[in-house]
Amino acid sequence: MNAPRPVSVPAPLGLLAELTHRCPLKCPYCSNPMELDRRSVELDTETWKRVFTEAAALGVLHTHLSGGEPTARRDIVELTRHCAEVGIYSNLITSGVGVSQDLLTRLVDAGLDHVQLSIQGADGAVNDHVAGYRGAYEKKREVGRWVVDAGLPLTLNAVIHRGNIHQVGDLVGLAVAMGAKRLEVAHTQYYGWAYANRAALMPAKPDVDRAIAIVEAARTRLEGTLVIDMVIPDYYAKYPKACSGGWGRRSINVAPSGKALPCHAAETIPHLEFWNVREHSLRDIWLFSPAFTAYRGTDWMPDLCRTCERAEIDWGGCRCQALALAGDAAATDPACHKSPLHHKIVALAEAEAVTATPPPYQYREMTARAREPVE
Amino acid sequence: MKADAATDEAVPRLPRGVKLRFDQVRNSWMLLAPERAFQIDEAAAGILKLCDGERTLATVIAETAAAYNEAPSVVDADIRAMLVDLANKRVLEL
């Protein structure tokens, strides 16, 4: 392992602040780890404020106030105000469930810049089934109206999978009808809960191709009205995605307990040592912590990646996926067509996607031992 | 949005949720928008500072030209193209 070289390390652009893992929804592809942090281990208000102050000094431009459901934190307004005070752009990533109009007004007054609202389907039946929460769809429509009425830009985020891929066109229509400026069509990435539910979530290749074509046509038709960002499902891709824009290059994720991660799934790599913001400054974590330096740059790469013309485009793809599918976090991401395992995962995806009846969802929930009521 | 939407009478402005900020760490102007940041040069920042929701596009072009001691016709097409591009990205209102 090479010594850290802080001079060559770019400043991070984004901070994903997972304020809590508590959430009323049970989406089977939740990006939180399967071992959820309990409320009792969550960082306190003052520590989060220090993290935001340090993030601004380090060069972070955007903070994503996320979770779980971030509005389950009683101090969400105070934390939002602090982000504005230290000059970071704030983005609330919310399910909408549990958000009152009064709370939204107070967040706007505190300086909130943007709201990203999740949507699980284009109608109540699909949305509420995927979310495992009856009435969530209507609630989201209501919260979306409040955001637009308050003059804030609204993004809808839809995670796409077998259960809603037939609704991609309707989701575009819904985003326009709700007055959103952006729509994220994010095909499921298979880690954690989504990995456990992969056989239920994996769409068939023809459906993926159709969904991509619908999005591309909508982009042209709606230019100037709606920006659509799309995350391609990488089991069916030719090249892997540059996870988080490259390991330790663009963003920092802080979990509810204060553990700082290069990406939200990084804890699935068991040998990594994560530093906690309770004990280290964000600057030290970014520059020197073992987890952030482990796969930064290109030195760690296998020859296949390091000599590839896309080494600094894809940054070797996803380390968590390499571990999950190849058994080695430093292997070439099997999503890449150059990986010797690529044909296996394509075959796996295609086999799962054509099962006549997908298995039922294993809904996200706290373990019985860790379960606590959501406020 | 087509280039002809950028009429002389249009009043460009940065909408709520889009911020022009000088970033001390990168020593550069940044345009911050939902989930995105655009690193922009001094000249573009100067133009966007004039997009205040009061000046018309014709005024923005005239003032920018004056700042560079150029005729408006020299900067006209570049400014219109830049603003239409930003409007299509939904980070500017025209």
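Conventions adopted
Residues numbered from 1 in each chain as written. Chains lettered and ligands numbered in written order. Predicted model: local features only at pLDDT ≥ 70, side-chain atom pairs only at ≥ 80, totals over all residues. Heavy atoms only, no water. Helix = DSSP H or I, 4+ residues; strand = E, 2+ residues; numbered from the N terminus. Buried < 20%, exposed > 50% of the residue type's maximum accessible area, 1.4 Å probe, protein only. Contact = heavy atoms within 4.5 Å. UniProt positions renumbered as here; feature names shortened; annotations may be inferred. Buried area = accessible area lost by both parts, 1.4 Å probe. Salt bridge = Lys/Arg side-chain N within 4 Å of Asp/Glu carboxyl O. Polar contact = N/O pair within 3.5 Å; in protein donor to acceptor, adjacent residues only side chain to side chain. Pairing = 2+ DSSP bridges. Axes fitted to C-alpha atoms, helices over the stretch in contact; angles between N-to-C directions. pLDDT = per-residue confidence, 0-100.

Looking now at the environment of A:Gln116. Along the polypeptide, A:Gln116 turns up in strand β4 (residues 114-119). On the basis of relative accessible area, A:Gln116 is assigned to the buried category, the value being 8%. On a C-alpha basis, the gap between A:Gln116 and A:Leu156 in space is 5.7 Å, while along the polypeptide they are 40 residues apart. If near-sequence neighbours (up to four positions away) are discounted, A:Gln116 is found in contact with A:Asn91, A:Leu92, A:Ile93, A:Thr94, A:Thr155, A:Asn157, A:Glu184 and B:Glu35.

In this section: the UniProt feature "binding site: [4Fe-4S] cluster" (unreviewed entry) in chain A. Residues and elements named next belong to chain A. According to UniProt, the positions carrying the feature "binding site: [4Fe-4S] cluster" (unreviewed entry) are Cys 23, Cys 27 and Cys 30. As for its placement among the helices and strands, Cys 27 is situated in the loop between β1 (14-18) and α1 (45-58). Residue classification places Cys 27 among the buried positions, given a relative accessible area of 10%. Those residues in contact with Cys 27 that lie beyond four places of it in its chain are Gln 120, Val 130, Ala 131 and Arg 364. Position of Cys 30 among the secondary structure elements: in the loop between β1 and α1.

What follows concerns the interface of chain B and chain A. The interface of chain B with chain A comprises 21 residues on the first partner and 32 residues on the second. For the pair chain B and chain A, the summed buried surface comes to about 2000 Å²; carbon and sulfur atoms form 53% of the total. Per-residue buried area on chain B facing chain A is highest for B:Arg16, B:Glu35 and B:Arg90; these three make up 36% of the total on that side. For the interface between chain B and chain A, the tally reads two salt bridges. The interface formed by chain B and chain A includes 10 residue pairs in polar contact (both at pLDDT 80 or more). Contributing elements (two or more residues each) for the side of chain B that touches chain A: β1 (19-23), β2 (28-33), β3 (36-40) and α3 (72-88) of chain B.

What follows deals with the sheet that holds β4(A). Residues and elements named next belong to chain A. Spatial strand order, β7-β6-β5-β4-β3-β2-β1-β8-β9: nine strands in an open sheet with mixed pairing. Edge strands, defined here as strands with exactly one partner in the open sheet, are β7 (227-231) and β9 (260-261). Bridge count between strand β3 (residues 89-94) and β4: four bridges; the pairing is parallel. Residue pairing in the sheet places Thr 94 in a bridge with Leu 117 of β4. The strands touched by α1 within the sheet are β1, β2 (62-66) and β8 (251-254), with β1 carrying the most contacts at an inclination of about 170 degrees. Sheet contacts for helix α6 (residues 168-177): β4, β5 (154-160), β6 (182-187) and β7; angle to β5, the most-contacted strand, approximately 170 degrees.

Residue and element names in this part refer to chain A. Looking at chain A, pLDDT values average 93 and 96% of them are 70 or higher. Overall, residues 1-7 carries pLDDT values under 50, and its contacts beyond four positions in sequence, including any with other chains, amount to nine contacts. Counting interchain partners and residues more than four positions distant, the pLDDT-below-50 stretch residues 368-375 has 15 contacts.

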